[in-house]
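Observations on the three-dimensional arrangement
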Amino acid sequence: ARPAADDAALADRAHRTERGDAPLVRMKGVNKHFGDLHVLKDIDLEVARGEVVMIIGPSGSGKSTLCRTINRLETIDSGEITVDGKPLPSEGRGLARLRADVGMVFQSFNLFAHKSVLQNVTLGPVKVRRKDRGAAEQRARELLDRVGVGNQAEKLPAQLSGGQQQRVAIARALAMDPKVMLFDEPTSALDPEMINEVLDTMVSLAKAGMTMVVVTHEMGFARRAADRVVFMADGAIVEQNTPEEFFTNPRSERAKDFLGKVL
Ligand code: ADP
Ligand code: MG
């Protein structure tokens with residue numbers, strides 16, 4: 001169980017998201033097809049600065065695709081997406097900067113296998129953010145410490161456990177000073193005993209005020225760490241609510257059915 005102080009911090013943060021700032025991520029009327037498959041259907045979604053939105057729903061409902069459109073790993077057919085008020089750039093340095101602003105952590109850790117942990121974390125800041133190498137290394141070491149793998153900096157990814165690799169992937173995204181972090185089922189590929197170390201890292205990020213969009217199958221985690229739960233089915237947002245309301249009082253048949261299977 002989490003200490004009570006965590007709950008206070010999360011409640012505090014939930015208030016901060018209610019200040020009425022312009023949304024950091026805004027999707028309006030977004031549609032996407034893969035061939036004949038209508039994979040995103042009129043998606044409207046706003047994520048406030050500092051907010052933690054968790055996306056849940058059955059496999060194949062479009063959760064990953066939705067995430068990937070936010071940093072333009074997938075294009076959209078219609079609608080609009082803005083990050084920090086600006087439409088997504090489609091190419092060149094603008095696109096590279098977008099991908100730095102919108103950090104992404106995947107199910108498979110996607111670390112560079114032939115580079116050390118430290119190099120994995122410094123590469124982006126040096127190449128994309130044009131950071132000085134010394135400064136990038138210092139920051140990388142701080143971030144690796146923060147996610148609890150500071151003593152693994154000189155190793156290759158394969159020498160680390162899955163949980164450690166995923167925390168390196170989180171540090172790598174953080175090194176770009178992202179405005180928002182996307183997590184697509186970051187614990188699905190992990191052995192059970194390593195899931196919590198990654199979830200705890202995400203909770204501490206949330207407490208530090210990071211704006212987060214998280215696709216997860218970890219319902220207990222969603223319930224305790226989300227500001228808002230978005231339930232997707234068949235490419236559409238079917239309902240969204242506070243975790244408390246969603247888990248105790250789901251409204252749609254789809255959500256009731258889903259929760260009946262996973263809880
Ligand atoms: P989820 O993450 O909720 O499981 P996805 O966004 O991965 O769902 O996929 C939604 C649907 O789109 C699924 O039917 C999937 O098979 C299909 N899909 C995903 N990526 C592609 C692709 N690159 N080409 C064709 N179909 C895809
Ligand atoms: Mg997925």
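Look up a bit, the structure's there.
My aim in this report is to walk through the structure given alongside it, one point at a time. Residue indices follow the written sequence of each chain, beginning from 1 at its first position. Both sets of labels track the order of writing: A upward for chains, 1 upward for ligands. With pLDDT at 70 or above as the cut-off, local features in this predicted model cover only qualifying residues; side-chain atom pairs require 80 or more to be listed or tallied, and sums for whole chains, interfaces and linings still use all residues. Side-chain numbers come from the whole structure's heavy atoms, not from hydrogens or water.

Describing the overall build of the chain
The numbering of helices and of strands both runs from the N terminus, where a helix is a DSSP run of H or I of at least 4 residues and a strand a run of E of at least 2. A count of helical and extended segments in the chain gives 10 helices and 10 strands. Taking 263 residues into account, the globule formula puts the C-alpha radius of gyration at 18 Å, and the chain, at 18 Å, falls close to it. The principal-axis extents of the C-alpha atoms in the chain amount to approximately 50 × 45 × 35 Å. Per-residue burial for the chain yields a buried fraction of 50% across its 263 residues. Pairs of residues are marked as contacts when any of their non-hydrogen atoms sit within 4.5 Å. Of all intrachain contacts in the chain linking residues separated by at least 6 positions in sequence, the fraction that spans at least 24 positions is 68%. What sets the accessible areas is the Shrake-Rupley method with a 1.4 Å probe; for residues, cover comes only from the shown protein chains. Approximately 12,100 Å² of the chain is accessible, and the part contributed by carbon and sulfur atoms is 48%. We compute the radius of gyration from the C-alpha atoms alone; for a globule the expected value is 2.2 Å times N to the 0.38, where N is the number of residues. Remark: exposure states derive from per-residue accessible area (1.4 Å probe, protein chains only) relative to the maximum for the residue type, with buried under 20%, exposed over 50%, and partly exposed in between.

A look at the nonpolar core
Nonpolar cores were defined as sets of buried Ala, Val, Leu, Ile, Met, Phe, Trp, Tyr and Cys residues, with membership established by side-chain atoms within 4.5 Å. Grouped together as the largest cluster of nonpolar side chains are 50 residues, with contacts concentrated most on L144, I170, M181, F183, M202 and M212. Ranked by residues supplied to this core, first place goes to helix α7 (residues 192-207) with 8 residues. The contacts of M181, once residues within four sequence positions are left out, are G103, V105, I170, A173, L174, L205, M210, T211, M212 and V213. Among the nonpolar cores identified, the runner-up in size contains 27 residues, and V30, L40, V47 and I70 belong to it.

Focus: the site of ligand 1
Every residue close to ligand 1 is listed here: F34, L37, V39, P58, S59, G60, S61, G62, K63, S64 and T65. Here an oxygen atom of ligand 1 sits 2.5 Å away from a polar atom, N or O, in the side chain of T65. For ligand 1, whose unbound accessible area comes to 560 Å², protein coverage reaches 58%. Broken down by secondary-structure element, the contributors of at least two residues to the shell around ligand 1 are β2 (37-47) and α2 (63-70). Per element, the largest residue contribution to the shell around ligand 1 is 3 residues, and it comes from α2. Residue composition of the shell around ligand 1, grouped by class: 4 nonpolar, 6 polar and 1 charged. Proximity criterion: a residue is near a molecule or strand once any of its heavy atoms comes within 4 Å of it. Polar contacts here mean pairs of N or O atoms no more than 3.5 Å apart (in protein, one a potential hydrogen donor and the other a potential acceptor; neighbouring residues in sequence count only if both atoms are side-chain atoms). Throughout this entry, Asp, Glu, Lys and Arg are counted as charged residues, while Ala, Val, Leu, Ile, Met, Phe, Trp, Tyr, Cys and Pro are counted as nonpolar. The remaining residues, Gly among them, count as polar.

Thoughts on the pattern of salt bridges
Every case where a carboxyl oxygen of Asp or Glu lies within 4 Å of a side-chain nitrogen of Lys or Arg is listed as a salt bridge. A full pass over the atoms with the stated rule returns 18 salt bridges. The salt bridge partner of R129 is D101, with a shortest N-O separation of 2.8 Å. Of this pair, R129 sits in the loop between α4 (117-127) and α5 (133-146) while D101 is found in helix α3 (residues 92-101), placing the two residues 28 residues apart along the sequence. Counted as one network, the salt bridges with shared partners bring together R49, D84, D101, R129 and K179.

Re the sheet that holds strand β5 (residues 86-87)
When DSSP locates at least two bridges between a pair of strands, those strands are taken to pair. The sheet built from 4 strands is open, its strands ordered β2-β1-β4-β5 with antiparallel pairing. Strands at the two margins of the open sheet, each flanked by one partner only, are β2 and β5. By the bridge criterion, 2 bridges tie strand β4 (residues 78-83) to β5 in an arrangement that is antiparallel. Among the inter-strand pairings, T82 is bridged to a residue of β5, identified as P87.

Examining the sheet that holds strand β7 (residues 180-184)
With respect to topology, 6 strands assemble into an open sheet ordered β6-β7-β8-β3-β9-β10, the strand pairing being mixed. The two strands at the open ends of the sheet, each matched to only one other strand, are β6 (102-105) and β10 (236-241). The sheet shows a mean angle of 20° between the axes of neighbouring strands, taken without regard to direction. The pairing of strand β9 (residues 228-233) with β10 spans 5 bridges and is antiparallel. Among the inter-strand pairings, V229 is bridged to a residue of β10, identified as N241. Axis definition: a line fitted to C-alpha atoms, limited for helices to the stretch in contact. Angles are taken between N-to-C directions and run from 0 to 180 degrees.

Section: the packing of aromatic side chains
Pairing of aromatic side chains here covers Phe, Tyr and the six-membered ring of Trp, requires ring centres within 6.5 Å, and sorts the geometry by plane angle: under 30 degrees stacked, over 60 edge-to-face, intermediate tilted. Enumeration over the complete set of coordinates arrives at 3 aromatic pairs. Ring centres of F246 and F247 lie 5.3 Å apart, and the angle between their planes is 80°; on these two criteria the pair is classed as edge-to-face. An aromatic cluster of three or more residues is present, and its members are F231, F246, F247 and F258.

Quick look at the side chain of T82
The topology assignment puts T82 in strand β4. On the accessibility criterion, T82 (12% relative accessible area) is buried.

Any functional reading would require information beyond the geometric quantities listed.
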